[in-house]
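Chain by chain, the residues run as shown.
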Amino acid sequence: MSTLRTPAALADAGLIAPDRAAALAPVAERYAVAVSPTMAALIDPSDAADPIARQFIPDLAELTLTPEERADPIGDHAHSPVEGVVHRYPDRVLLKVTHTCPVYCRFCFRREMVGPNGDGTLSPAALDRALAYIESRPEIWEVILTGGDPFILSPRRLAELMRRLSAIDHVKVVRFHTRVPVVDPQVVDEALVAALRGSGKTVWVALHANHPRELTADARAACARLIDAGIAMVSQTVLLRGVNDDAAVLGELMRAFVETRIKPYYLHHGDLAPGTGHFRTSLQDGQAILRELRGRYSGLCQPTYVLDIPGGHGKAPVGPAYLDSCGGVTVEDPNGAIHAYPPASTSS
């Protein structure tokens, strides 16, 4: 099976009813569709609430826009000094070499930028300008490859990119944000791993996965190939209604990451991307789920719940608060009990 890119192909594969293909055509015309064979095999077409299908199969709800939604919800463009670079925080930049992905998530916050009709791949001249900007800013300690999914680049192109970054002395860390180990695990082969390791830089990989079923045996093996080569991994997850907005599901996912030697990193609150309102939870719901995780799952399994403040103002941690300083400091324990801090003296 090849990647499914149209509603008709989804119907032919049995992932949607044939009579839905025509109705979904307007969604596919507006937002790119791609379901890899690996993800297609995980979908249960008999389950109308299948959490894998919900992430990748287009939905008419995507055509419903709300006033607060915006094409660039986290303000990439406001912090882009040159094409392909986002410099939002002092010591790190995003480098968006490509805007193509092996799959297209229905909730993607860059959905207006990715896909066949998106911003494309940086031209050689644009990449030269992007790297020149990074070289000219000695405060840049970390370069984060994102987009688009950088792991769709060939090992040859990845190796060349790493070679050029290796020549920038003040860049010490290169991080890749990817879904590939989950959605197309065979791509993570010896050549790709060698391309990442050849620069002499410290390399991290942030894996995006949202449901424990995504961490298949093949996905875990792909991650092991990276980790066994000395590449550290962290996770990124988006809190999604109907996918993982449940403490038991989210806890199972975090355990799956840790079992795979991936440290849970960020749990993102859903961004205000166009046509994604059916995925978004409230912040209060997200905080309640994090409260359930705390104390019931290992400390290794605790992600940081973050909100990308609309307009390009950066990430803010928005997890539940456990301190109350009104009339003295109190702290809430994982069972909901309230304690004074420091505790009252027990001396007589």
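Placed above this text is the structure.
Rules used throughout
Residues numbered from 1 in each chain as written. Predicted model: local features only at pLDDT ≥ 70, side-chain atom pairs only at ≥ 80, totals over all residues. Heavy atoms only, no water. Core = buried A, V, L, I, M, F, W, Y, C linked by side-chain atoms within 4.5 Å. Buried < 20%, exposed > 50% of the residue type's maximum accessible area, 1.4 Å probe, protein only. Contact = heavy atoms within 4.5 Å. Pairing = 2+ DSSP bridges. Helix = DSSP H or I, 4+ residues; strand = E, 2+ residues; numbered from the N terminus. Axes fitted to C-alpha atoms, helices over the stretch in contact; angles between N-to-C directions. Patch = residues over 30% accessible without salt bridge, like charges linked within 9 Å, V, L, I, M, F, W, Y side chains within 5 Å. Areas by Shrake-Rupley, 256 points an atom, 1.4 Å probe, with all protein chains shown as cover. Salt bridge = Lys/Arg side-chain N within 4 Å of Asp/Glu carboxyl O. Lys, Arg positive; Asp, Glu negative; His and termini not counted. Charge placed at Lys NZ, Arg CZ, Asp CG, Glu CD. Parallel < 35°, antiparallel > 145°, perpendicular 65-115°, else oblique. Left-handed = near helix turned anticlockwise from the far one by under 90°. Nonpolar A, V, L, I, M, F, W, Y, C, P; charged D, E, K, R; others polar.

Got a minute to help me understand the nonpolar core in this structure?
For soluble globular proteins, nonpolar side chains are generally found buried alongside one another. Formed by 85 residues in total, the largest nonpolar core has its most connected members in Leu95, Phe176, Leu196 and Leu226. Beyond its immediate stretch of four places on either side in the chain, Leu226 contacts Phe151, Pro181, Val188, Leu192, Val193, Leu196, Val205, Ile231 and Met233. Residues Ala34, Tyr104, Cys108 and Val114 belong to the second largest nonpolar core, which totals 6 residues.

What exactly am I supposed to notice about the sheet that holds strand β5 (residues 202–208) here?
Neighbouring strands of a sheet are bound in pairs by backbone hydrogen bonds; such pairs are parallel or else antiparallel. With mixed pairing, 9 strands are arranged side by side in an open sheet as β1-β2-β3-β4-β5-β6-β7-β8-β9. What marks the edges here is a single partner per strand, and that holds for β1 (85–89) and β9 (315–317). The mean angle between the axes of side-by-side strands here comes to 30 degrees, regardless of whether they run parallel or antiparallel. The pairing of strand β4 (residues 173–178) with β5 spans 6 bridges and is parallel.

Looking at this structure, how should I read the sheet that holds strand β11 (residues 330–332)?
The sheet built from 3 strands is open, its strands ordered β10-β11-β12 with antiparallel pairing. Where the open sheet ends on each side, the last strands, each with one partner, are β10 (323–324) and β12 (338–340). In the sheet, β10 pairs with β11 via 2 bridges, with the strands oriented antiparallel. Paired with Leu323 across the two strands is Val331, which belongs to β11.

When you look at a negative patch on the surface in this model, what are you seeing that I'm missing?
Among the surface-exposed residues, Asp245, Asp246, Asp285 and Glu292 lie close enough to one another that they form a single negatively charged patch. Among the secondary structure elements, Asp246 is positioned in the loop between β6 (232–238) and α10 (247–259).

Is there a simple way to explain the packing of helix α5 (residues 124–135) against helix α6 (residues 155–166) in this structure?
A pair of packed helices can be characterised by two numbers: the angle between their axes and the separation between those axes. As a packed pair, α5 and α6 sit with axes 11 Å apart at the nearest point and diverge in direction by 30 degrees. Comparing their axes, α6 and α5 come out roughly parallel. Of the two elements, α5 crosses α6, and the hand of that crossing is right-handed. Packed against α5, whose contacting residues are Leu127, Asp128 and Leu131, the element α6 presents Leu161, Arg164 and Leu165 at the interface. Tallied by class, residues from the contact of α5 with α6 come to 4 nonpolar, no polar and 2 charged.

Purely geometric numbers; function is a separate question.
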